[in-house]
Amino acid sequence: MATAPPLAPRTALTETVLVLGVSLGASAVWSALSLVRKLTAEEGLSGQVTSMNQSVTPDQPWLDLTHQLVGIALALVPVALALHLLARQHERPSHLIGLDRREPLRDTAIGLGLAAVIGIPGLGLYLLARALDLNTTIAASDLSAAWWSIPVLVLAAGQNALLEEVIMLGYLFTRWREAGWSPVVIVVASALVRGSYHLYQGIGGFVGNVAMGLLLGAVYLRIRRTAPMVIAHWVIDIVAFVGYALLVTRVGWLS
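This section reports on the structure supplied with the text. (Residues numbered from 1 in each chain as written. Predicted model: local features only at pLDDT ≥ 70, side-chain atom pairs only at ≥ 80, totals over all residues. Heavy atoms only, no water.)

So, about the overall build of the protein chain. Helices and strands together make up the secondary structure of the protein chain, namely 10 helices and 2 strands. Overall, the protein chain shows an N-to-C arrangement of helices and strands of α-α-β-α-α-α-α-β-α-α-α-α. Taking 2.2 N^0.38 as the reference for a compact globule, 255 residues should give roughly 18 Å; the C-alpha atoms of the protein chain span a radius of gyration of 19 Å, in line with that estimate. Each principal axis of the C-alpha distribution contributes one length, and for the protein chain these read about 55 × 40 × 30 Å. In the protein chain, which comprises 255 residues, the share counted as buried stands at 47%. Counting only contacts in the protein chain whose residues sit at least 6 apart along the sequence, the fraction spanning at least 24 positions is 78%. Working note: accessible area of the protein chain is about 12500 Å², and carbon and sulfur atoms make up 69% of it. (Helix = DSSP H or I, 4+ residues; strand = E, 2+ residues; numbered from the N terminus. Rg over C-alpha atoms; globule rule 2.2 N^0.38 Å. Buried < 20%, exposed > 50% of the residue type's maximum accessible area, 1.4 Å probe, protein only. Contact = heavy atoms within 4.5 Å. Areas by Shrake-Rupley, 256 points an atom, 1.4 Å probe, with all protein chains shown as cover.)

Right, let's talk about the nonpolar core for a bit. Core analysis: the biggest nonpolar cluster contains 34 residues, and Ile 167, Met 168 and Met 229 have the highest contact counts within it. Mapped onto this core, the elements with two or more residues apiece are α1 (9-21), α2 (24-39), α4 (77-86), α6 (104-131), α7 (149-178), α8 (183-196), α9 (203-223) and α10 (227-247). When neighbours within four sequence positions are excluded, Met 168 is seen to be in contact with Leu 20, Leu 24, Phe 173, Ser 190, Val 193, Arg 194 and Tyr 197. (Core = buried A, V, L, I, M, F, W, Y, C linked by side-chain atoms within 4.5 Å.)

So, on to the side chain of Arg 225. Looking at the secondary structure, you find Arg 225 in the loop between α9 and α10. Judged by its relative accessible area of 3%, Arg 225 falls in the buried class. One polar contact links Arg 225 to Asp 100, side chain to side chain, over a distance of 2.7 Å. (Polar contact = N/O pair within 3.5 Å; in protein donor to acceptor, adjacent residues only side chain to side chain.)

On to unusual backbone geometry. Although it is not a glycine, Asn 53 adopts a positive phi angle of roughly 50°. Here Asn 53 lies in the loop between β1 (49-51) and α3 (61-75). Despite not being glycine, Asp 133 shows a phi value in the positive range, around 60°. Topologically, Asp 133 is positioned in the loop between α6 and β2 (137-139).

With that settled, consider the packing of α7 against α8. Where α7 meets α8, the axes come as close as 10 Å, and the angle between the chain directions of the two elements is 145°. As for the relative orientation of α7 and α8, their crossing is right-handed in sense. Across from Glu 164, Glu 165, Met 168, Leu 169, Phe 173, Trp 176 and Arg 177 in α7, the residues of α8 making contact are Ile 186, Val 187, Ala 189, Ser 190, Val 193 and Arg 194. When grouped by side-chain class, the residues that make up the contact of α7 with α8 number 8 nonpolar, 1 polar and 4 charged. (Axes fitted to C-alpha atoms, helices over the stretch in contact; angles between N-to-C directions. Left-handed = near helix turned anticlockwise from the far one by under 90°. Nonpolar A, V, L, I, M, F, W, Y, C, P; charged D, E, K, R; others polar.)

A word on the packing of aromatic side chains. Evaluated as defined, the whole model comprises 3 aromatic pairs. An angle of 85° between the planes, with centres 5.4 Å apart, marks the rings of Phe 173 and Tyr 220 as edge-to-face. Of this pair, Phe 173 sits in helix α7 while Tyr 220 sits in helix α9, and the two are 47 residues apart along the sequence. The buried category is assigned to Phe 173, whose relative accessible area is 1%. Look at Trp 176 and Trp 181: their rings are 4.7 Å apart centre to centre, the planes differ by 25°, and that puts the pair in the stacked class. Using a relative accessible area of 5% as the deciding quantity, one classes Trp 176 as buried. For Trp 181, a relative accessible area of 29% translates into the label partly exposed. (Phe/Tyr/Trp six-rings, centres within 6.5 Å; stacked < 30°, edge-to-face > 60°.)

Here the focus is a nonpolar patch on the surface. On the surface, a nonpolar cluster with roughly 470 Å² of combined accessible area is contributed by Leu 125, Leu 128, Leu 132, Leu 134, Ile 203 and Val 207. Counting residues per element, the ones that place at least two in the nonpolar patch are α6 and α9. Note that Leu 134 resides in the loop between α6 and β2. For Leu 134, a relative accessible area of 35% translates into the label partly exposed. (Patch = residues over 30% accessible without salt bridge, like charges linked within 9 Å, V, L, I, M, F, W, Y side chains within 5 Å. Salt bridge = Lys/Arg side-chain N within 4 Å of Asp/Glu carboxyl O.)

What follows is about the packing of α9 against α10. Interaxial distance between α9 and α10 falls to 10 Å at its minimum, and their mutual angle equals 150°. In terms of orientation, α9 lies roughly antiparallel with respect to α10. Every residue of α10 that contacts α9 at Met 212, Leu 216, Val 219, Tyr 220 and Ile 223 is listed here: Pro 228, Met 229 and His 233. (Parallel < 35°, antiparallel > 145°, perpendicular 65-115°, else oblique.)

This paragraph deals with the pattern of salt bridges. All chains considered together, the criterion is met by 10 salt bridges. Between Glu 103 and Arg 225 there is a salt bridge; the shortest N-O distance is 3.9 Å. Highlighted residues: Glu 103 in the loop between α5 (93-96) and α6 and Arg 225 in the loop between α9 and α10, separated in sequence by 122 residues. Exposure remark for Glu 103: the relative accessible area of 29% places this residue in the partly exposed category.

Spelled out as structure tokens, the structure:
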């Protein structure tokens, strides 16, 4: 399999800044500004609602569906960009970062295990942070009640999983290693970036996602495969998005 020499350290760092600047790094900046706005509002964080997966034109279901699908597709462009850039060093970048189907059973088992380890304590942290007025109330789905709502939520969860794990683990770990960073620095830096683009949720969202990033980063260093991380993230978001949509009118603490 053809490979090329690694990038020069300065080039590798510059490239990561640019990739983050058009993807999750930009989200981190907007997230920080969103948190400042919420912290300076008269109402406490727990009394404010952060809506996700919102309808754009609820009175026009087919147009709304188009908006949702286009949004998901455009959000995956940075994933394609990251893989394209990695292809300069490796002709099969999906193999380089372990985003392939070579080990489906092992990937699924690890992914489901990670989803349980992260998801259950994560829910407890969210409830605690909200009780301490450190987090907004998260409305994980605000789509209109159309026939396509659940499939779109599943696709949105998959988009989040691919975007975050390919860039935050597969791409950044490769480039930061080429830049000469130590494994510990790479894991911590990636986790902090991951937490920063969740600041819009509140302090609890930041802390929870930093913890998630530390765990996933440590596991990725060990197995060098993003596929299990994508599966774990996808499952967690499916449970959050679809579960909220189905239970919000039945479970009081969700709203």
